[in-house]
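What follows is each chain in one-letter form.
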Amino acid sequence: MTDAPAFGVVGAGAWGTALAQTLARTGRPVRLWARDLTMVKILTARRENTRYLPGIPLLEGIEFTDRLSEVAEATDAILLVTPSHGLSSVCRHLSPFLDPHHGVPLVVAAKGLDAESDRPLSDLVKDLIPAHPVAVLSGPNFAKEVAVGLPAATVIAARDVALASRLADLFSTANFRPYASSDPLGVELCGAFKNVLAIACGIAQGRHLGDNARAALITRGMAELTRLGKVMGVQTETLIGLSGLGDIVLTCNGLQSRNYTLGIALGEGLKLQDILAQRRSVAEGVYAAAALHRMALKAGVDMPIVAAVDSILTGHAGVEDVIAGLLARPLRRET
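My aim in this report is to walk through the structure given alongside it, one point at a time.

Reading guide: rules and limits
Residues numbered from 1 in each chain as written. Predicted model: local features only at pLDDT ≥ 70, side-chain atom pairs only at ≥ 80, totals over all residues. Heavy atoms only, no water. Pairing = 2+ DSSP bridges. Helix = DSSP H or I, 4+ residues; strand = E, 2+ residues; numbered from the N terminus. Axes fitted to C-alpha atoms, helices over the stretch in contact; angles between N-to-C directions. Contact = heavy atoms within 4.5 Å. Salt bridge = Lys/Arg side-chain N within 4 Å of Asp/Glu carboxyl O. Buried < 20%, exposed > 50% of the residue type's maximum accessible area, 1.4 Å probe, protein only. Parallel < 35°, antiparallel > 145°, perpendicular 65-115°, else oblique. Left-handed = near helix turned anticlockwise from the far one by under 90°. Nonpolar A, V, L, I, M, F, W, Y, C, P; charged D, E, K, R; others polar. Patch = residues over 30% accessible without salt bridge, like charges linked within 9 Å, V, L, I, M, F, W, Y side chains within 5 Å. Areas by Shrake-Rupley, 256 points an atom, 1.4 Å probe, with all protein chains shown as cover. Core = buried A, V, L, I, M, F, W, Y, C linked by side-chain atoms within 4.5 Å. Right-handed = clockwise from strand over helix to strand, strands pointing away.

## Observations concerning the sheet that holds strand 5 (residues 106-108)
Here is step 1: What the eight strands build is an open sheet, ordered 3-2-1-4-5-6-7-8; its pairing is mixed. Of all the strands in the sheet, just strand 3 (62-65) and strand 8 (176-181) have a single pairing partner and so form its edges. Looking at each pair of strands side by side, their axes are set apart by 25° on average, direction ignored.
Here is step 2: When strand 1 (residues 7-10) meets strand 2 (residues 30-33), the two strands line up parallel, connected through four bridges. Its bridge partner lying in strand 2, Val-9 is registered against Leu-32.
Here is step 3: Contacting strand 1, strand 2, strand 3, strand 4 (77-80), strand 6 (134-138) and strand 8, helix 1 (residues 14-24) crosses the sheet at an angle of about 175° to strand 2.
Here is step 4: Of the strands in this sheet, strand 1, strand 4, strand 5, strand 6, strand 7 (152-157) and strand 8 touch helix 7 (residues 161-171), which is tilted by about 175° from strand 8.

So this is what it looks like as structure tokens:
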């Protein structure tokens, strides 16, 4: 290994690798952690993530490791890009290697909620690694496009907006434009919700319900997100910004979206366990649906699309029955 990297990235899936590639374009050294040594050897030898981003050469500024202690040496920021359900375990293993006096920022780049507590992932990280400032990164970003350097914008949010602004400056490249936000809760709720809505839109696509139905789902989904956001105290600008409406537009319409294509398969009649068995990558909406449904019930917020997706994923209702139930809801004023 060379000297301490500027950036550490925990998680060598498609998104983690794409972010490592983007950070390397800043000219600063990056160290990318993969869970198993075999993956590290392939990444090092081939300079390519053959499992998740095949065909994309990785920049020389990226080093690879299976040791969290070497990622913890990062001087400017550590990005946490593991699946949401594995984040707590990674944080517990990473924490002993971090210097509490240095306080390197931890950036949560996973999109979801903690499945055990239904809390935002940034809250989980703060509890497990309290000595370090925490930010979140989320936006309308497909990993492959970011990895090859196509233009993209994203949001970096922290309660300390000065931290968010500093990280935005550090992560910025000619084609990757981060915007700072002081609303991490809103950004995380949007990131979790858009995946659930993408599954709903995919189901409609798989059932050949037409573009009108998808447009209606997106619009009424935004209404659900707005109701929840109002109760949770998030900023309206977040809901209609990059991490909200922007990511919803991308995820609910693009075939690169794992959640949208999972919904399509469900709509075509495949079983959830069979779909997941054929995939290496995680569709976060599978985990977020139940957490968002419980959050909505606790907050007293009506979120019928979230409830419908959760009932399909848990096997409590079939696709046809859920669609019929949504269409049979009583008519009401739009606002």
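## Focus: the pattern of salt bridges
Here is step 1: Tallied over the full model, the rule gives 13 salt bridges.
Here is step 2: Put simply, Asp-302 and Arg-329 hold a salt bridge, and the shortest N to O gap is 3.0 Å. On the criterion of sequence distance, the pair formed by Asp-302 in the loop between helix 14 (285-299) and helix 15 (304-313) and Arg-329 in the segment after helix 16 (319-327) is long-range, its members being 27 residues apart.
Here is step 3: Asp-302 sits in the partly exposed class, given a relative accessible area of 35%.
Here is step 4: Overall, the relative accessible area of 33% leaves Arg-329 in the partly exposed class.

## Here we look at the packing of helix 8 (residues 184-206) against helix 12 (residues 258-267)
Here is step 1: Where helix 8 meets helix 12, the axes come as close as 6 Å, and the angle between the chain directions of the two elements is 40°. What the angle tells us is that helix 8 and helix 12 run oblique. Every pair of crossing elements has a handedness; the one defined by helix 8 and helix 12 is right-handed. Residues Asn-195, Ala-198, Ile-199, Cys-201, Gly-202, Ile-203, Gln-205 and Gly-206 of helix 8 touch helix 12, and the partners they reach there are Asn-259, Tyr-260, Leu-262, Gly-263, Ile-264, Leu-266 and Gly-267.
Here is step 2: Here the residues of the contact of helix 8 with helix 12 are counted per class, giving eight nonpolar, seven polar and no charged.

## Remarks on a nonpolar patch on the surface
Here is step 1: Among the surface-exposed residues, Ile-240, Leu-245 and Val-249 lie close enough to one another that they form a single nonpolar patch of about 250 Å² accessible area.
Here is step 2: Relative to the helices and strands, Val-249 resides in helix 11 (residues 242-251).
Here is step 3: Residue Val-249 is classed as partly exposed on the basis of its relative accessible area of 45%.

## Considerations on the nonpolar core
Here is step 1: If you look at the biggest cluster of nonpolar residues, it comprises 48 residues, and the most contacted ones within it are Phe-193, Ile-248, Leu-262, Leu-266, Leu-292 and Leu-313.
Here is step 2: Contributions of two or more residues to this core are made by helix 8, helix 9 (211-232), helix 12, helix 13 (272-277), helix 14, helix 15 and helix 16.
Here is step 3: Looking at this core, the element that brings in the most residues is helix 8, giving 12 residues.
Here is step 4: Filtering out sequence-adjacent residues up to four positions away, Leu-262 remains in contact with Ile-199, Leu-272, Ile-275, Leu-276, Arg-279, Ala-283, Val-286 and Leu-313.
Here is step 5: Ranked by size, the runner-up nonpolar core spans 42 residues in total, among them Ile-56, Phe-64, Val-146 and Leu-167.

## Some thoughts on the pairing of strand 6
Here is step 1: Across the five residues that make up strand 6, a large majority, five, are buried.
Here is step 2: Burial of the side chains of strand 6 extends over both faces: Val-134, Val-136 and Ser-138 are buried on one face and Ala-135 and Leu-137 on the other.
Here is step 3: Judged from the three bridges that link them, strand 5 and strand 6 form a sheet pairing that is parallel. Bridged to Val-108 within strand 6 is Val-136.
Here is step 4: The parallel pair strand 5 and strand 6, bridged by helix 5 (residues 121-128), forms a crossover whose chirality is right-handed.
Here is step 5: Summarising the sheet, strand 6 and strand 7 pair through three bridges and their orientation is antiparallel. Among the inter-strand pairings, Val-136 is bridged to a residue of strand 7, identified as Ala-157.

## Digging into the pairing of strand 4
Here is step 1: Here strand 4 shows no split at all, with Ala-77 and Leu-79 on one side and Ile-78 and Leu-80 on the other all buried.
Here is step 2: Inspection of the sheet shows strand 1 paired to strand 4 by four bridges, in the parallel sense. Of the residues in strand 4, the one forming a bridge with Val-10 is Leu-80.
Here is step 3: Bridge analysis of strand 4 against strand 5 gives three bridges, and the strand direction is parallel. Its bridge partner being in strand 5, Leu-80 is matched across the sheet by Val-108.

Keep in mind these values describe shape, not function.
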